[in-house]
Each structure stands twice: as C-alpha cells, then as structure tokens.
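The lines below spell out each chain.
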Amino acid sequence: MPCLSKLAATALLGTAASASLLPNIGLEKFIKAENKIALQAVLDNIGPNGAKVPGAGRGLVIASPSKSNPDYFFTWTRDAALTFRTLIDEFLFGNKALEPYINDYIYSQAVLQTVSNPSGTLLPNGGGLGEPKFMADGSRYNGNWGRPQRDGPPLRATALIQYSNYLISKGKKDRVKKEIWPIIANDLAYVGQYWNASGFDLWEEVYGSSFFTTQAQYRSLVEGETLAKSLGIPCPACAQAPQVLCFLQSYWNGKYYTATINTNAARNGVDANTVLGPIALFDPAAPCNSPSLQPCHPRSLSNFKNFVDTFRNSTLYPINRGIPAGRGVALGRYPEDFYFNGNPWYLITLGSAEFLYDVAAAYLKQGSITIDSTSLPFFKEIYPLARVGQFGVLHPAYYVLIAAIRNYADSFVSVSQKYTPANGMMAEQFLKSEPFSPISAANLTWSFASFVSMTHRREGKLPPSWLPRSVSVPSVCSASPVKGTYAPATAAGAPNITTPCVSNILFQVNATTYYGENIYVTGNSPTLGNGNLDTAYPLLSNNYTSERPLWYAVIPVEVTKGQTTLKYKYARQQDCGQDWILEEGSEREIQVPQCVSDGSEDILATVDEAFVGQGGKTGGC
Ligand SMILES: *[C@@H]1O[C@H](CO)[C@@H](O)[C@H](O)[C@H]1NC(C)=O
Ligand SMILES: *[C@@H]1O[C@H](CO)[C@@H](O)[C@H](O)[C@H]1NC(C)=O
Ligand SMILES: *[C@@H]1O[C@H](CO)[C@@H](O)[C@H](O)[C@H]1NC(C)=O
Ligand SMILES: *[C@@H]1O[C@H](CO)[C@@H](O)[C@H](O)[C@H]1NC(C)=O
Ligand SMILES: *[C@@H]1O[C@H](CO)[C@@H](O)[C@H](O)[C@H]1NC(C)=O
Ligand SMILES: *[C@@H]1O[C@H](CO)[C@@H](O)[C@H](O)[C@H]1NC(C)=O
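Residues numbered from 1 in each chain as written. Chains lettered and ligands numbered in written order. Predicted model: local features only at pLDDT ≥ 70, side-chain atom pairs only at ≥ 80, totals over all residues. Heavy atoms only, no water.

Looking at an unreviewed UniProt entry, one finds the chain named Glucoamylase, with Cladorrhinum samala as its source organism. Of the chain, the UniProt comment under Catalytic activity (unreviewed entry) reads exactly: "Hydrolysis of terminal (1->4)-linked alpha-D-glucose residues successively from non-reducing ends of the chains with release of beta-D-glucose." In its Sequence similarities (unreviewed entry) section, UniProt records this for the chain: "Belongs to the glycosyl hydrolase 15 family." (UniProt positions renumbered as here; feature names shortened; annotations may be inferred.)

Next up on the list: the sheet that holds strand β4 (residues 207-210). The three strands are arranged β3-β4-β5 in an open sheet whose pairing can be described as antiparallel. At either end of the open sheet lies a strand with only one pairing partner, and these are β3 (199-200) and β5 (260-261). (Pairing = 2+ DSSP bridges. Helix = DSSP H or I, 4+ residues; strand = E, 2+ residues; numbered from the N terminus.)

Looking now at the site of ligand 4. Around ligand 4 sit Thr-490, Asn-496 and Thr-498, and that is every residue in its neighbourhood. Here ligand 4 loses 26% of its free accessible area of 360 Å² to cover by the protein chains. (Near = heavy atom within 4 Å. Areas by Shrake-Rupley, 256 points an atom, 1.4 Å probe, with all protein chains shown as cover.)

Right, let's get into the UniProt feature "active site" (unreviewed entry) in the chain. In the numbering used here, UniProt assigns the feature "active site" (unreviewed entry) to Asp-201 and Glu-204. The residue Asp-201 is located in the loop between β3 and β4 in this model. Filtering out sequence-adjacent residues up to four positions away, Asp-201 remains in contact with Arg-78, Gln-149, Val-206, Ser-210 and Thr-260. A distance of 2.9 Å separates a polar side-chain atom of Asp-201 from the backbone nitrogen of Glu-205. Residue position: Glu-204 is located in the loop between β3 and β4. Leaving out residues up to four positions away in the same chain, Glu-204 has contacts with Trp-76, Arg-78, Pro-132, Trp-145, Gly-146 and Gln-149. (Contact = heavy atoms within 4.5 Å. Polar contact = N/O pair within 3.5 Å; in protein donor to acceptor, adjacent residues only side chain to side chain.)

Here we take up the packing of helix α2 (residues 26-43) against helix α14 (residues 445-458). Between α2 and α14, the least distance of the axes is 8 Å, while the angle of their chain directions is 135°. Between α2 and α14, the angle falls in the class oblique. With respect to the hand of their crossing, α2 and α14 are arranged in left-handed fashion. Here Leu-27, Glu-28, Phe-30, Ile-31, Glu-34, Asn-35, Ala-38, Leu-39, Ala-41 and Val-42 of α2 come into contact with α14, specifically with Thr-445, Phe-448, Ala-449, Phe-451, Val-452, Thr-455 and Arg-458. Grouping the amino acids of the contact of α2 with α14 by side-chain chemistry returns eleven nonpolar, three polar and three charged. (Axes fitted to C-alpha atoms, helices over the stretch in contact; angles between N-to-C directions. Parallel < 35°, antiparallel > 145°, perpendicular 65-115°, else oblique. Left-handed = near helix turned anticlockwise from the far one by under 90°. Nonpolar A, V, L, I, M, F, W, Y, C, P; charged D, E, K, R; others polar.)

Among the surface-exposed residues, Val-393, Leu-394 and Tyr-399 lie close enough to one another that they form a single nonpolar patch of about 340 Å² accessible area. Inspection of the secondary structure assignment puts Val-393 in the loop between β7 (389-392) and α13 (396-418). (Patch = residues over 30% accessible without salt bridge, like charges linked within 9 Å, V, L, I, M, F, W, Y side chains within 5 Å. Salt bridge = Lys/Arg side-chain N within 4 Å of Asp/Glu carboxyl O.)

Domain annotation for the chain reports domain 1 (1-35 + 282-472), domain 2 (45-276) and domain 3 (499-610). In this structure, domain 1 and domain 3 have C-alpha centres spaced 47 Å apart. (Domains from an automatic or database assignment.)

Further remarks concern helix α4 (residues 99-112). A rise of 1.5 Å per residue sets the reference length of α4, with its 14 residues, at 20 Å; its end C-alpha atoms lie 20 Å apart and thus fit the reference within 8%. Turning to α4, its buried residues are Ile-102, Asp-104, Tyr-105, Ile-106, Ser-108, Gln-109, Ala-110 and Leu-112. On its buried face, α4 sits against α3 (77-92), β2 (133-135), α5 (152-169) and α6 (173-194). (Expected span 1.5 Å × (residues − 1). Buried < 20%, exposed > 50% of the residue type's maximum accessible area, 1.4 Å probe, protein only.)

All right, on to the pairing of strand β14 (residues 565-573) then. Burial analysis of β14 places seven of its nine residues in the buried class, the great majority of the element. Pairing geometry for strand β11 (residues 518-523) and β14, over six bridges, is antiparallel. Opposite Thr-522, over in β14, you have Lys-569 as the bridge partner. Relative to strand β16 (residues 588-591), β14 runs antiparallel, the two sharing four bridges. Within β16, the position partnered with Thr-565 by the bridge is Gln-591.

Written out as structure tokens, the structure is:
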C-alpha cells in the first residue's frame, strides 16, 4: 500500500503544489504538517484545558471557539462523538497520550446524559438523550433549536464501544461492565425506542428520517449486541437491528440515497449526509454488497458520483469552474443550502476523500473489485475503459482501478489544501466565489477531526471490523420499537438522579412574530426556568401560518410535591440581542394536573390562548 500511495501522490504532486496557497510543499508534506496541526487544534477545543476554549467542562468537545457570527461555543453530542471516534482511533494506532482525554470524555458523557433539557430527561423514558447540544460547561441549553436529534446517542455508543473493545482486549472487562456499559446501554435503549420516530437531521434543519442517522443507529445496535454478549448482559434494544437495516434500504431512489425521507422539506435529497454516513460505519472487512451500505457498495458509489457531480455545476459553485471530470472539487452540504449563502465545507471535501480511501482499502482487503451497471458510471469517470465485470488481484485492471480511486481521493485533499490558510487553521466553510476565503465558525473541531480521520485512512490505518460475517435484510419491513430502561451511569461519575414527576401540558399561543423572533414560556417550574428568562422553555413554530400564528409545545412540566397551580407567562425573545418582551398584565394560572413519573406521554391539560401585549420589531442585524 505505501507503494500505491506514493505512486498516486507522485502523479498529483505537480498540480496540487502549484495550486496551493501554501508554498510548494506538495501533498505529502502538506498532509504530514496539517495532520499535526489538526490533531493539536482538536485538543485545543476540548475542556477543561483546551487552549482555545477556557470555561469548557472536563471532557466536553466545543464545536468551535467562535462566540459570535456564528456562536458555536457549545458542545454537540454528534460532533463530540465523531471527534472522539477519531481520537480513539488515533489512540489505538499508538498515540497513548490521548488516553486521559478519552477518560474525560467518558466522564463528561455519563454526566451529560443526566442533564434535563428541552428534549426531556433521562428518566424515565430517555427523551433527554435526544438533545443535540449543551452549554460549554455542560449545563442545559434552552434556545429554540432543531430537536430532538437522534444521531447523537448511537454515535456516542459507537465511540464508547470502540474503546470498550480495546479495554476488554487488555483484560479490563470489569471496568467496561461497571463504568462504560451503563452509558452505552442508555444510548442503545434510546436507539431501540426511537429509531422509528422523526427527528432533525445532522444539519439540524430537516425534520423526518435521515439516512445518516439510520446508518449510525444500525451500526450501534449491531456492535452493541456483540459487546453485550461478551459482557454477558442482555441488550433488548439490539434486537431491532434487522428492522433498522430494512428501513435503511428505503432511502435508495434508483440513483442515489435520498438524504431525508418522511419529510415535507422541499429539497431533492442530494446531500453530504449520504457520504458521511458510509464513512462513519466503514468496516474494511465487510463485503461491498453488504446491506449496511458501505462506501464500496455499488449504490454508495452511484450516490457519491451523483453528489459530487451536483457541485461540478459552476453556476452553483464558481469555485469549481474548469475542473474536469475525474478530479476532486470543493463540496458543500446540499445544493439548496443558503446558510452563510451555501458554501463548500472542509469536512465534506475531506470526508469525500476519506470515502474514496475507504473504497480502495476495501478492495485491497477483499482482493477483488466488482463493477455492475449501478457503479459503472462512477468507475468510468476515473477510468474510461471500465466495464461491468469482476476483477481479481490477477487482473491488471485491479491495481489500475485502486490507484485511480486513491488518485481521485488525493485530488479532493488537494482542493482542501488549496483553500487552507498558511497557518493550517480550518473554519467550517470557504467561500464558493472569489476570494474563496474561509468563512463561518473559525477553527471548527469537526473540520480538524475530519482531516485526522482522512489521514488515517489514506495511510491504510483502518478501523476495527464490527459487522458479523453475514447479515440479511428482513423480507418485509416492520417497526415495533422497544421501550427502553434508563439509569444514570453513576460508576462513571453521573449524579444519582431520580425520576421527576411531570405533567404533560400542551401550550398553544397565537403570537404574530417576525423572522428571527421566538416565543417562550416562563413560569414557576424548573422546566419553565423558575422565572429566569434565560432558562424559559422554547415553543415550536413549525405549524405557524399567516392565518394561524401558532407557537406551541407539549411540555413535560416538572411539578414539586403538593404544588397545585402553575403560574406562567409567554415571552418574546427578540433578535439581535434586544431585550425580551414579557406579556403585559398579571401572570396566567392553571390548575396543575396530577403529575406522573411513569414516562407516559399523555397530555394532561391543554391551553389555547393569545399573546397579550405589544409585538416585537427586528433589530435588523
Ligand atoms: C483560531 O486559531 C487561530 C490560530 O491559533 C487563532 O489565531 C484564532 O484567534 C482562532 N480563532 C478563534 C475564533 O478562536
Ligand atoms: C418506521 O418504520 C417503517 C418500516 O420500516 C417505515 O415505513 C416508516 O417510514 C418508519 N417511520 C419513521 C418515522 O422512521
Ligand atoms: C446549476 O446550478 C444552478 C444554480 O443553483 C441551477 O439553477 C441549475 O439548474 C444547475 N444546473 C444543473 C444542470 O443542475
Ligand atoms: C441511587 O439512588 C437510589 C434511590 O434513589 C438507590 O437505591 C441507589 O442505591 C443509589 N445508587 C447509588 C449508586 O448511589
Ligand atoms: C402541528 O401539525 C401537525 C401536522 O402538520 C399536527 O399533527 C399537530 O397536531 C399540530 N400540532 C399542533 C399543536 O397544532
Ligand atoms: C388563534 O388563531 C386562530 C386563527 O386565527 C383563531 O381561530 C383562534 O380563535 C385564535 N385563538 C385564540 C385563543 O385567540
């Protein structure tokens, strides 16, 4: 393999180096230098000692040190899990200095699981595990947000399972059983209970079912089952894996994976979601026709080509003008993107390189390449003589194809090199039009982690295998998720929380708002922030229309013993940091219905009212 990579790199060196903002150091040198910078930059964004994130809690990964335009100074469960997957890989490949970080992560996640939040609580039904993000110190985040997001728990389980397997191989089964398994068990229970429920996608925008999420859920249940067996502990949720796999097949539309289904979002479904999913479940030993939809699956290859081709459009992405077929381009999230005007992302351009290194690695491992009519267009782009057939190690096309795939991968790394500033710092995005400079959150942890992960795969450092030898898809898909049981992972440091008593109340209020203004409920319950506006409860606007300006939420209001009335008010959160507007007049009051602590989601009371007082006005920022 080193042979091949050198070959591929030599072929590219000229173009890559001459196009780079970094002075002529060539792709190999760039990768070596940038990998070091990227790894340090990841560690700089992790509490409690990360140089760029003072105030971050122990073991918490901060998405970016950026505190304004945009404010990413939070910890996201998904980003943190993906980051730690890569750090645990790096540890397993020999970087022993990372072990304290891994231990801090374990502690932080045990605690985070118990923090009640607007998605719910850990006890009794796991709802709180779907919360996408928390404050940098690990406390609850109360802003209006796309929640729940159901990819965080499975991705976290995968990261922790990877480290647990290592500990077991070192004879530390007891520690895994006592300390780490309880965290994993909560996350798996959540997957088993909610995989068939809607949630927001990894970009936090589309409510429905997400390919990326379903793939992550499938992986967690399969490897969760293997780990549970080796610990001699039952995993009832894990039995859902075949049904999740069945559901996963339904994203394919004949040409590509539709990124989100069960949604009314007006998009065509071409999305990086479907490239990042396969790299997150890459198993180098899995056959390419595995229904887990590995990077080398013919459908994944067709999907990859369709995704990349979408961004070859120079009207959409002027940055890619003049780049011929078969060469890497700058890639963004999806063509309809308008966040920061919709630009290429480092982690997607690098993730696409990683995808191709994974494909090449799988073919090397398997000693054969099969081209069918679905994957043929992908192969023809990088090797015009490609044709349908099976090519084993003895066939000359075998090595030519593998070299072509790695070459193609390198050309995506070269694109990211071209737009990485000389100090190696990667933001979230870089402009699709002149001057192609970095934009949005500076020093994005996930960008750096994606660089380290790409480098591993490029160097042939592959993740452990996790799929059983053969898996089959049920002939009929069905869904009967299992209700999970949850408990705080106290041995890892979680507080021994108890089940709160809640009354589920449906709040509905007519309140005409401008874009950027949000409506909250504040009141005398911890769930409503106990009168503190900073921790008031956000309402949802997804049913808002000009005819009916409805803000609503079913809120599990925590009630103290003996409490009979709830006092509350609605409040407007203005944009641009303007003051809140609280309703005029005295507080509203309702009788508190009987509270329950059995996880029942029955609505016990409903209010339907109109906002009292003046409307807000945009600050125009
Ligand atoms: C990003 O990192 C660079 C280099 O360390 C630093 O100069 C810059 O201030 C950082 N930006 C943020 C928002 O932390
Ligand atoms: C639930 O699973 C069924 C069977 O796979 C599927 O048809 C349906 O779309 C799924 N719904 C959600 C929201 O996941
Ligand atoms: C290229 O992008 C532009 C701008 O988004 C779009 O209007 C056009 O339909 C795209 N062309 C193709 C062939 O997809
Ligand atoms: C947690 O609290 C429960 C009762 O509320 C108790 O039974 C249990 O032993 C406690 N666990 C730990 C680890 O302290
Ligand atoms: C919001 O809309 C959905 C369907 O669009 C509906 O099922 C739900 O009942 C609505 N909720 C409220 C509180 O109006
Ligand atoms: C809320 O708005 C709808 C539509 O305009 C109206 O029918 C309803 O009566 C309003 N509710 C209240 C409490 O004002």
